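Each chain, letter by letter, is given below.
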Amino acid sequence: VGVRGCYHALGASGYSRFLSAVKFLVPDSSVVKTRGETFICMPQGVDAESILNKALELARGGFVLDYVVVDWRSVYELASRKVSPIPSLVPILREVVVNLDAGNNVALVGPPGSGKTFIMQSLEEAMKALGLNALYINATSMTKAALENALLMNQSLALVLIDELDKALSREAQVLLQLLDEYGVVKILKSNGGEVRTNAKVVVGLNTTALKRKALNVWAPLLDRAVTIEVPRPSKDELLALFTEESGGAPREILGTVAAALSQRDVSIRKVMQAARYVKTALEWETPMEDVKKQVMRILTTAP
């Protein structure tokens, strides 16, 4: 359903309330924006006309989406199962969730491969398993407009996770500064924008080296709005345990190859997961053991 006229009739803030009301009335609906039009997509069988009319009434009445209530203990319980193969990450995850429950935003800081992404993806999975709206963004492909649109179209957000934030440009961080403020309102001034009311908490991940390089410009006020939690690199024994868990119990000779690779260089959690997924599938394909060992070694020792 095209809703071009609603923006002109309601103004920017009213239009934002209108989109929020539609999402509230039909949680499975989605919004698609083009340069000159906005379309609302609803599941089959929904009386779109009555929904839009009701949303207009709510928007004109100053509709504000109720803030999302999160059971953070349940989030921690689910997410901790995911990170449990790496015991050193469990207390870090706990600190993250305790801070989120306390109303604080969090900045995960550590070297590449330490587990920042692993923690964030575990949180995303736990939130979605509980029926909560979590938005994960990799800042390497994040633009200011994309972040603005994501916020406008997901106004029932409970958690925003932004990974590799140090790779974003300063102008992309400007919207994030608003989101990190504690007032619950993000004002987005653009032709198809408006006002986002949210109590979503934010977790960002940054590389230690990049943090030191950028801390004196826009990143200083950004980090002032978040509690910094350091994520050290997991031990080799923890990485081997993670591989064993994710591969479904690889044969001893494969574990020996993995242990040898881990002893040669620092390996990221991402590479360990790649190798584990490969082994699990390769064995199902009955790939010769020597070929599997060679490929595992290549995955774990090839420099990025």
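The paragraphs below set out a description of the structure included in this document.

Rules used in this analysis
Residues numbered from 1 in each chain as written. Predicted model: local features only at pLDDT ≥ 70, side-chain atom pairs only at ≥ 80, totals over all residues. Heavy atoms only, no water. Buried < 20%, exposed > 50% of the residue type's maximum accessible area, 1.4 Å probe, protein only. Helix = DSSP H or I, 4+ residues; strand = E, 2+ residues; numbered from the N terminus. Pairing = 2+ DSSP bridges. Expected span 1.5 Å × (residues − 1). Arc of directions from axis to C-beta. Contact = heavy atoms within 4.5 Å. Axes fitted to C-alpha atoms, helices over the stretch in contact; angles between N-to-C directions.

### Examining the pairing of strand β3 (residues 105-110)
Most of β3 sits inside the fold, with six of its six residues counted as buried. Residue alternation in β3 divides its side chains into two sets, Asn105, Ala107 and Val109 and Val106, Leu108 and Gly110, and both sets are buried. Direction of pairing for β3 relative to strand β9 (residues 226-230): parallel, over a ladder of five bridges. Paired with leucine 108 across the bridge in β9 is isoleucine 229. As judged from the five bridges shared by β3 and strand β8 (residues 201-207), these two strands associate in the parallel manner. In the strand pairing of β8, valine 106 is matched with valine 203.

### Some details on helix α11 (residues 252-264)
With 13 residues, α11 extends 19 Å from end C-alpha to end C-alpha; this agrees with the ideal 18 Å at 1.5 Å per step. For α11, the complete set of buried residues consists of Ile254, Thr257, Val258, Ala261 and Leu262. In a view along the axis of α11, the buried residues occupy a sector of 135 degrees, so they form one face of it. In this structure, α11 carries Arg252 and Ser263 as exposed residues pointing more than 90 degrees from its buried face. Elements that come into contact with the buried residues of α11 comprise α10 (236-246), α12 (269-284) and α13 (289-301).

### A closer look at the sheet that holds β3
Each strand in a sheet pairs with its neighbour through backbone hydrogen bonds, running either in the same direction (parallel) or in the opposite one (antiparallel). Spatially, the five strands line up as an open sheet ordered β4-β5-β8-β3-β9, and their pairing is parallel. Strands with a single pairing partner mark the edges of an open sheet, and in this sheet they are β4 (133-138) and β9. Put simply, the sheet's adjacent strands are angled 15 degrees from each other on average, direction ignored. Each of β3, β5 (157-163), β8 and β9 touches helix α4 (residues 89-101); the most contacted strand, β9, lies at about 175 degrees to it. Along the sheet, helix α5 (residues 116-129) makes contact with β3, β4, β5 and β8, crossing β5 at roughly 160 degrees.

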